[in-house]
Amino acid sequence: MNMQQMMIQAQKLQRELKKAKDELAAKEFTTTVGGAVTITMKGSGELIKVSINDDAFEKDNKEMVEEMIAMAVNELSEKIKKAQSQIEESITGRAGGFGF
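Rules behind the numbers
Residues numbered from 1 in each chain as written. Predicted model: local features only at pLDDT ≥ 70, side-chain atom pairs only at ≥ 80, totals over all residues. Heavy atoms only, no water. Helix = DSSP H or I, 4+ residues; strand = E, 2+ residues; numbered from the N terminus. Rg over C-alpha atoms; globule rule 2.2 N^0.38 Å. Buried < 20%, exposed > 50% of the residue type's maximum accessible area, 1.4 Å probe, protein only. Contact = heavy atoms within 4.5 Å. Areas by Shrake-Rupley, 256 points an atom, 1.4 Å probe, with all protein chains shown as cover. Lys, Arg positive; Asp, Glu negative; His and termini not counted. Charge placed at Lys NZ, Arg CZ, Asp CG, Glu CD. Salt bridge = Lys/Arg side-chain N within 4 Å of Asp/Glu carboxyl O. Pairing = 2+ DSSP bridges.

Student: Tell me what's going on with the overall build of the protein, and back it up with residues and numbers.
Tutor: Check the secondary structure of the protein and you find 2 helices and 3 strands. Helices and strands appear in the protein in the N-to-C order α-β-β-β-α. Scaling as 2.2 N^0.38, a compact globule of 100 residues should have a C-alpha radius of gyration of about 13 Å, whereas the protein reaches 19 Å, well beyond that. Dimensions of the protein, computed from C-alpha atoms along their principal axes, come out at roughly 70 × 20 × 15 Å. Counting across all 100 residues of the protein, residues that qualify as buried make up 26%. In the protein, once contacts between residues fewer than 6 apart in sequence are set aside, the share between residues at least 24 apart is 48%. When the accessible area of the protein is evaluated, it comes to approximately 7100 Å², of which 51% is carbon and sulfur surface. Charge-centre separation for the protein: the mean point of 14 positive side chains lies 11 Å from the mean point of 16 negative side chains.

Pasting the structure below:
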């Protein structure tokens, strides 16, 4: 493969990767923790919705609900990172994409 063909291939992979990342950024991820807290985030990391079950609104449950919210956000962040890695690996054939 000559240099021009390699450049064309690299540009094609970059376009595919950008398209896949844009699609991921718009995708919604949802998780529920303890049946009491449900969080929805976009693949871009934007928090869309926090829903707390009415049963969780007891004064004694405040700290538990706060911990569940943190757990849910962290779980979604990990799901998004995993989805990003899978996209990069499927397009480039290796984790971490092109490295730029």
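Student: Explain the pattern of salt bridges to me, using residue names and the numbers behind them.
Tutor: Opposite charge on two side chains permits them to pair, given that their charged atoms come into close proximity. Per the stated rule, a full pass over the model turns up 6 salt bridges. In this structure, the salt-bridge partner of Glu 88 is Lys 21, at a minimum N-O distance of 3.1 Å. In this pair, Glu 88 is assigned in helix 2 (residues 62-92) and Lys 21 in helix 1 (residues 3-26), connecting sequence segments 67 residues apart. Assessed through its relative accessible area of 15%, Glu 88 is described here as buried. Take Lys 21: its relative accessible area is 35%, and that puts it in the partly exposed class.

Student: Which residues make up the pairing of strand 1 (residues 28-33), and what are the values?
Tutor: Along strand 1, the buried face is formed by Phe 29, Thr 31 and Val 33; none of Glu 28, Thr 30 and Thr 32, which line the opposite face, is buried. Of the pairings in the sheet, the one linking strand 1 to strand 2 (residues 37-42) comprises 6 bridges and is antiparallel in character. Across the sheet, residue Glu 28 finds its bridge partner in strand 2, namely Lys 42. The antiparallel pairing of strand 1 with strand 2 creates a hairpin that spans 3 residues between the two strands, and Gly 34 there sits at a positive phi of about 65°.

Student: Account for the pairing of strand 3 (residues 47-52), naming residues and giving values.
Tutor: Both strand 2 and strand 3 contribute to a ladder of 5 bridges, which runs antiparallel. Opposite Thr 38, over in strand 3, you have Ser 51 as the bridge partner. Between the end of strand 2 and the start of strand 3, which pair antiparallel, lie 4 residues, with Gly 45 showing a positive phi angle near 100°.

Student: With reference to specific residues and values, describe the environment of Ile 48.
Tutor: Structurally, Ile 48 is set in strand 3. On the basis of relative accessible area, Ile 48 is assigned to the partly exposed category, the value being 37%. Expressed as a C-alpha distance, the spacing of Ile 48 and Leu 13, which sit 35 residues apart in the sequence, is 30 Å. Non-local contacts of Ile 48, meaning those with residues more than four positions away in its chain, are made with Glu 28, Thr 40, Met 41 and Lys 42.

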